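The residues making up each chain are set out below.
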There are 2 protein chains.
Amino acid sequence: MDCEVLAIGTELLLGQVVDSNSAWIGQQLALAGISSHYQAKVGDNHDRIVAALRGALGRADAVVCCGGLGPTQDDITREAIAEVMGVGLRRDPEVEAALRERFRGRDVPAMNWKQADVPEGASFITASVGTAPGLVCPVKDPAGGPGKEKVVYAVPGVPAEMREMVGGFVVPDLVRRSGDHATIRSRFLRVWGVPESRVAEIVAPRLSELEGTGTTIAFLANVAEGVRVRVTTRTSGPSAEAEAERTLDKEEAELRALLGDAVGGIDDESLEVVVASLLGEAGLRLAVAESLTGGLVGARLTSVPGASGWFAGGLVSYGSDVKRELLGVDEGPVVSEDAARRMAAGVARLLGADIGLSLTGVAGPEPQDGQPVGTVFVGLSWPPSAAVEALRLSGDRQLVRERAATYALDLLRHMLLERTATRTS
Amino acid sequence: MDCEVLAIGTELLLGQVVDSNSAWIGQQLALAGISSHYQAKVGDNHDRIVAALRGALGRADAVVCCGGLGPTQDDITREAIAEVMGVGLRRDPEVEAALRERFRGRDVPAMNWKQADVPEGASFITASVGTAPGLVCPVKDPAGGPGKEKVVYAVPGVPAEMREMVGGFVVPDLVRRSGDHATIRSRFLRVWGVPESRVAEIVAPRLSELEGTGTTIAFLANVAEGVRVRVTTRTSGPSAEAEAERTLDKEEAELRALLGDAVGGIDDESLEVVVASLLGEAGLRLAVAESLTGGLVGARLTSVPGASGWFAGGLVSYGSDVKRELLGVDEGPVVSEDAARRMAAGVARLLGADIGLSLTGVAGPEPQDGQPVGTVFVGLSWPPSAAVEALRLSGDRQLVRERAATYALDLLRHMLLERTATRTS
C-alpha cells in the first residue's frame, strides 16, 4: 500500500503558511506501515489540482488531499476530485440539515452550502472538531482490471480537524484496504529539564545495542514539550501487536533505568498532565503567581480537564505594585530570589492553596532591575518547605517565557515526586 | 518564468523533519515575481528523484532541488541530476583542493570526496556558510527548439546554507534568465469576530470586480489569529514595486470600506498588538479575570513587549471561592452574566486598573452550573460603561478556550475604538 499526500493551497506555495500537515500525515502513515514516496503542494487552481491528482493516482494506491474544503471561492478540492472521478457533484440532505443545525436558526451563509456537496459515488467523513466534513472518493484504477480501485481522501487543512480525520478514519481505512499485518509501533518517553544533547549522550549505549534489531531510537525536542525519546519497532505475523507492545515495554524499562526521574511521562502525557495527576493523587491545591509568563503556566495547567479539583487559581502580577500589595513583595527589585520566594508564599495565602508556585524574571527585549534578558527566578512554597531556583535562559521573549513555564512546572513535578515518596516510605 | 521546488530527503516524507525550506523558497520566488505552481517532496531514492525531476522539467522552466548534497550514502542528488542531463560526473580539482584546505592536513574522510563531483556541463555555486557547494545544471528542453534550455539548481537542505545560496545566487540568476521585472506583493487584512464564510460573502463583490486584473483575494482562517484576507498583486516594469504598493493601498481601502471595524490589523499585527497600542495611546491600564481560559488572555497580552505600561495584571479565578472572596461574585452560579459583570469590576478594583475584562464559562468536557459546554460570558467594566456578552462557542476544550480568549480581546478592541472615537469627536 502506497499513499501520497497532496497539500492544496496557494498560501503554501507562496510560503505564507508552512505545510506541516503533510509531515504529520507522513508520520502517521509510517507508523501504520504504509509507504509514502511522494508528497506535493499545489495552489488553488482547478486544472493543476486535477493534474496533480492524476499524477499521484498514476503512481500510488491512495492519495490524501489536505485543504480546499472550506466554504470560500478558493476552496475547489471537491470539484477537482469530481473531475478526476469523471462524475458530478450531488448535494447531501444530511449535511444540509447539519449545517442548518449549526447555524441555529440564523441564515446559513450562501457559500456554506457547498460544504454539503459531494462527488457522486463518494461518501463523507464526519467531523466532530470542526465544521467541514471530509470525503472518501473511490477512483477506478486506469491501469487496473475490473474491480480494481484506488481511493482519494479529502480532509480539511485546519490541523486539528485534519488530525482527527486522518488519525480516526483515513489511516485505519488504509490499513484495512492494505490487508497487511505488519505493524509499526512507537512509544515516546517524555523528558524535561535535561537538554537534548545530554539525553542523546545518556542513551547512546542503548542505541548501539539495538542496531540491526528492528527497533530504533530517535530524539525530538521542542521548547514547550521537552525532549521526546521515540522508540519505534516493526513486527509482523498474527501476534504482531502483542509482540510490539512487549518490545516497547522492555525498551521503556531499559531507558528508564538510564534516565531515571528525568522521564516524566509517556506518549501524550504532557508536563501539565503529570503535575495534575500528582496533585490530584496527593489531594493538594496549587496557586500560581506569574510575572514574566503572564498567564502561560495557568493556561497550561487549566488545559487539563478537571483542573478545578487541584488548581485554586493564579495571580498575574505584572505590575510591581500588584506584587507588593497583594503578594507582600518588599520594596526593591522584583526580579530577585527574595521576590520569587514572597510571591510563592503570598499567592498560596491569597488564594488559600497548599502550594504556591511563582515566576519572576526578564523576558526582554530590555533588561530590568539590572538583570539581563533570560534571568528568571522560580519560587516554590509548600510549608514547611520552600525553594527558589535561579535560571539563565536563552532565546527571544517568547522562548524565554515558554522555557520559564516549562522549568517551573518541572520543578513542581520533582518536588511532588520527592515529597510523595517521603510520605509513602 | 515558472520554477518548481523539489525537497529531497526520506526524513521529510516520514515527517521527522517539517519541510520549511520550500515555503521559504516559495516566498523568495514570489517576491521576485517568479511563479511556482508545484512543489514536491521525495525520498532518498535514485529512480524516484529522477522521475520527480523529469516531471518538474516537463511543466516548469526551472527546478530548485533542496537537500541530498551531503557526504553520506543517502546523498544522491548529484547522480540523479546527471542522469536527467544524460551526462556523467566529473571530479572538480578546485573543489578537491578546497576540501583539502578545509580539513587542514587531516585526512579528508573518503565519503567527502563526492562533494567535489559535478555533472558534466554543470557548475558550482560556492558556499560561504556551510560546506557543500551547490550546483547549476543546464538541461536541454525536451520540447524546445535549438538553443532552448531549462535549468536545475541543487542547494543543501541545511536552512542557513540553502538560504544563502537561494537568496544570493538562485533567485538573481532566475530573474536574469526571465528577463522580466515582475514582482508579486501581498498584504494581509486581519479580521476578528466575523466567521470566515461571512467575510468571504462580504468581500465577494470585490472578488468578481478583480477578476483578470492580476490582483487576487484569498482567505486564511485560524482560531487564535482570526481571518486573514490576503490581497496579492503582480506587477512588472521598471516601477513595479511602487505600482504594487499603490495597488495594495487602493485595495486595502476598498476592503476596509466593505468590512469596516472588523478589520483590526495589517500583516503581522495580532489582536493583542492592536489592543496594546489602543490601550497605550489612551494611557489606560487593564486587568483581566480569567476562569475558563486559565491565563490564556494574560499570556497573549504579555507576549507584547512593554506590556507593563498598560497591563496591571490578572487573576486566574479558577476556584469558585476565589471568585467570591477576591472578586465579590455572589453565591449562585459562577457561569452567568452576573458573575462575569462582577468579575470584571472586581478585578479592576483589586488590581487598581481602569478597565476590567473577565471570562467565565464552560470549556468542557463536562457541563457546569446547568450550562452546556461552550457557554461563555465575557464581561467588560470601564466606568461608567459596563457590558457583558454571552457566547455559545463550538469545539473541544482547547478550541472553546482559544475562541473565548479571541472574542474577549476583540470585544475589548471594539470598546476601545468606540470610546476613543467618542473622546476625539
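Residues numbered from 1 in each chain as written. Chains lettered and ligands numbered in written order. Predicted model: local features only at pLDDT ≥ 70, side-chain atom pairs only at ≥ 80, totals over all residues. Heavy atoms only, no water.

1. Some thoughts on the interface of chain B and chain A
The criterion, for reference: Whether two residues touch is decided by their heavy atoms; if any such pair falls within 4.5 Å, the residues are in contact. Here the buried area means the combined drop in accessible surface, using a 1.4 Å probe, for two parts upon being joined, counting both sides. Definition used for salt bridges: Asp or Glu carboxyl oxygen within 4 Å of a side-chain nitrogen of Lys or Arg. Polar contacts here mean pairs of N or O atoms no more than 3.5 Å apart (in protein, one a potential hydrogen donor and the other a potential acceptor; neighbouring residues in sequence count only if both atoms are side-chain atoms). Side-chain classes follow a simple rule in which Ala, Val, Leu, Ile, Met, Phe, Trp, Tyr, Cys and Pro form the nonpolar group, Asp, Glu, Lys and Arg form the charged group, and the remainder, Gly included, forms the polar group. Any two strands with at least two DSSP bridges between them are considered paired. Numbering of helices and strands starts at the N terminus; helices are DSSP runs of H or I of at least 4 residues and strands are runs of E of at least 2.
On the chain A side, the residues contacting the 70 residues of chain B number 68 residues. Taken as a group, Leu13, Tyr38 and Lys41 of chain B account for 10% of the area that chain B buries against chain A, more than any other trio of residues on that side. Applying the counting criterion to the chain B and chain A interface returns 2 salt bridges. Here Asp321 of chain A and Arg285 of chain B are joined by a salt bridge, their closest N and O atoms 3.9 Å apart. Applying the counting rule to chain B against chain A returns 31 residue pairs in polar contact (both at pLDDT 80 or more). Here the residues of the side of chain B that touches chain A sort into 34 nonpolar, 24 polar and 12 charged. Where strand S14 (residues 311-316) of chain A and strand S14 (residues 311-316) of chain B come together, 3 bridges link them in antiparallel fashion.

2. Re the domain arrangement of chain A
Residue and element names in this part refer to chain A. Formally: Segmentation into domains, and thus their bounds, comes from an automatic or database assignment.
Here chain A is partitioned into domain 1 (3-178), domain 2 (183-266) and domain 3 (271-424). If you average the C-alpha positions of domain 2 and of domain 3, the two centres end up 31 Å apart. Counting residues at the interface gives 9 residues for domain 2 and 11 residues for domain 3. Interface of domain 2 and domain 3: buried area, both sides summed, is about 810 Å²; carbon and sulfur atoms make up 60% of it. Taken together, the connections running from domain 2 to domain 3 amount to 0 salt bridges. Remark: the boundary between domain 2 and domain 3 carries 1 residue pair in polar contact (both at pLDDT 80 or more). Of the residues assigned to the side of domain 2 that touches domain 3, the class counts are 5 nonpolar, 3 polar and 1 charged.

3. Quick notes on the sheet that holds strand S13 (residues 286-290) of chain A
Hydrogen bonds along the backbone pair up the strands of a sheet, which may run parallel or antiparallel. Test applied: In this analysis, axes come from line fits to C-alpha atoms, helices being fitted only over the stretch in contact, and the angle between any two N-to-C directions falls in the range 0 to 180 degrees.
The strand order across the open sheet formed by 10 strands is S17(A)-S16(A)-S15(A)-S13(A)-S14(A)-S14(B)-S13(B)-S15(B)-S16(B)-S17(B), and the pairing between neighbours is mixed. The open sheet terminates on both sides in strands that have one partner only, identified here as strand S17 (385-392) of chain A together with strand S17 (385-392) of chain B. Taking each pair of neighbouring strands and ignoring which way they run, the sheet shows an average axis angle of 10 degrees. Where S13 of chain A meets S14 of chain A, 5 bridges bridge the pair, whose relative direction is parallel. Its bridge partner lying in S14 of chain A, Ala289 of chain A is registered against Leu315 of chain A. Each of S13, S14, strand S15 (355-361), strand S16 (375-382) and S17 of chain A together with S14 of chain B is contacted by helix H12 (residues 337-351) of chain A, which is oriented at about 140 degrees to S15 of chain A, the strand it contacts most.

4. Regarding the environment of Ser320 of chain A
Within the element layout of this structure, Ser320 of chain A appears in helix H11 (residues 320-327). Residues Ser320 of chain A and Val335 of chain A, 15 residues apart in the sequence, show an inter-C-alpha distance of 9.9 Å.

5. Digging into the nonpolar core
Note the threshold: Residues belong to a common nonpolar core when they are buried Ala, Val, Leu, Ile, Met, Phe, Trp, Tyr or Cys residues joined through side-chain atoms within 4.5 Å. With a 1.4 Å probe rolled over the protein chains alone, any residue whose accessible area is under 20% of its type maximum counts as buried; one over 50% counts as exposed, and the rest are partly exposed.
Leu6, Leu53, Cys65 and Val152 of chain A together with Leu6, Leu53 and Cys65 of chain B are the most contacted members of the largest nonpolar core, which has 68 residues in total. Cys65 of chain B has contacts with Leu6, Ile8, Leu53, Thr77, Ile81, Val152, Tyr153, Ala154 and Val155 of chain B, leaving out every residue within four places of it along the chain.

6. Description of the side chain of Ser22 of chain A
By the element assignment, Ser22 of chain A lies in helix H2 (residues 21-31). On the basis of relative accessibility, which here comes to 3%, the residue Ser22 of chain A falls in the buried class. Within polar-contact distance, the side chain of Ser22 of chain A engages the side chain of Lys41 of chain B at 2.8 Å. Here Ser22 of chain A is in contact with Val5 and Gln39 of chain A together with Lys41 of chain B, once residues within four sequence places are set aside.

7. Considering helix H4 (residues 77-85) of chain B
Residue and element names in this part refer to chain B. Most of H4 sits out of view: 7 of its 9 residues are buried. Burial in H4 covers these residues: Thr77, Arg78, Ala80, Ile81, Ala82, Val84 and Met85. One or two steps after H4, the chain reaches Gly86, where phi turns positive at roughly 75 degrees.

8. What to know about the packing of H11 of chain A against H12 of chain A
Residue and element names in this part refer to chain A. Here is the rule: Put simply, angles under 35 degrees are roughly parallel, angles over 145 are roughly antiparallel, angles from 65 to 115 are roughly perpendicular, and the rest are oblique. A clockwise turn of the near helix away from the far one marks a right-handed crossing, whereas an anticlockwise turn of less than a right angle marks a left-handed crossing.
Where H11 contacts H12, the two axes come as close as 9 Å, and the packing angle between them is 55 degrees. Comparing the axis directions of H11 and H12 gives the class oblique. Crossing hand, H11 versus H12: left-handed. Taken together, the residues of H12 that come into contact with H11 (itself represented by Lys323, Leu326 and Leu327) are Arg342, Met343, Gly346, Val347, Arg349 and Leu350. Classifying every residue of the contact of H11 with H12 by side-chain character gives 5 nonpolar, 1 polar and 3 charged.

9. What about the pattern of salt bridges?
For the coordinates displayed, the defined rule picks out 43 salt bridges over all chains. In this structure, the salt-bridge partner of Arg176 of chain A is Asp173 of chain A, at a minimum N-O distance of 2.6 Å. Note that Arg176 of chain A and Asp173 of chain A are positioned in helix H6 (residues 159-178) at a spacing of 3 residues, about one turn of the helix. In this structure, Glu251 of chain B and Arg206 of chain B form a salt bridge, with 2.7 Å as the shortest nitrogen-oxygen distance. Separated by 45 residues along the polypeptide, Glu251 of chain B in helix H8 (residues 240-259) and Arg206 of chain B in helix H7 (residues 196-210) bring together distant segments of the chain. Exposure class is identical for Glu251 of chain B and Arg206 of chain B. Each is buried.

10. Some words on unusual backbone geometry
With omega at 5 degrees, the peptide bond leading from Gly364 of chain A into Pro365 of chain A counts as cis. With respect to the secondary-structure elements, Pro365 of chain A resides in the loop between S15 and S16. Look at Asp369 of chain B: it is not a glycine, yet its phi comes out positive at around 50 degrees. Looking at the secondary structure, you find Asp369 of chain B in the loop between strand S15 (355-361) and strand S16 (375-382). Asp369 of chain B gets classed as partly exposed once you look at its relative accessible area, which sits at 37%.

11. So, the packing of aromatic side chains
To be explicit about the condition: Each Phe, Tyr or Trp ring (for Trp, its six-membered ring) is paired with any other whose centre lies within 6.5 Å, and the angle between the two planes then decides the class: stacked below 30 degrees, edge-to-face above 60, tilted in between. Counted as over-ring charges are cases with an Arg CZ or a Lys NZ within 6 Å of the ring centre that also lie within 35 degrees of the ring normal.
The tally for this structure, following the rule as stated, stands at 4 aromatic pairs over all chains. Clustering of aromatic rings is evident, with ring pairs tying together Trp310 and Phe311 of chain A together with Tyr318 of chain B. We note Arg228 of chain A situated over the ring of Phe188 of chain A; from NZ or CZ to the ring centre the distance is 5.2 Å. Here Arg419 of chain A stacks its cationic end above the ring of Trp382 of chain A, 3.9 Å away from the centre of that ring.

12. A word on the pairing of strand S8 (residues 149-155) of chain B
Residues and elements named next belong to chain B. Burial analysis of S8 places 6 of its 7 residues in the buried class, which makes it a mostly covered element. Inspection of the sheet shows strand S3 (residues 62-66) paired to S8 by 5 bridges, in the parallel sense. Bridge assignment links Cys66 to a residue of S8, and that residue is Val155. Of the strand pairs in this sheet, strand S7 (residues 134-140) and S8 are connected by 6 bridges, and their pairing is antiparallel. Paired with Val136 across the strands is Tyr153, a residue of S8.

13. Remarks on H8 of chain B
All names here are of chain B. Quick reminder of the rule: Helix span is expected to be 1.5 Å times the residue number reduced by one. Here the arc refers to the set of directions running from the helix axis out to each C-beta atom.
With 20 residues, H8 ought to run about 28 Å at 1.5 Å a step, and its terminal C-alpha atoms sit 28 Å apart, in line with that. Taken together, the buried positions of H8 are occupied by Ala240, Ala244, Leu248, Glu251, Glu252, Leu255 and Leu259. Looking straight down H8, one finds its buried side chains confined to an arc of 110 degrees; they lie on one side. The outward face of H8, more than 90 degrees from its buried face, is lined by the exposed residues Arg246 and Ala257. Its buried side turned inward, H8 meets strand S9 (183-191), H7, strand S10 (215-222), strand S11 (226-235) and strand S12 (263-266). Positive backbone phi, at 60 degrees, marks Gly260, one or two positions downstream of H8.

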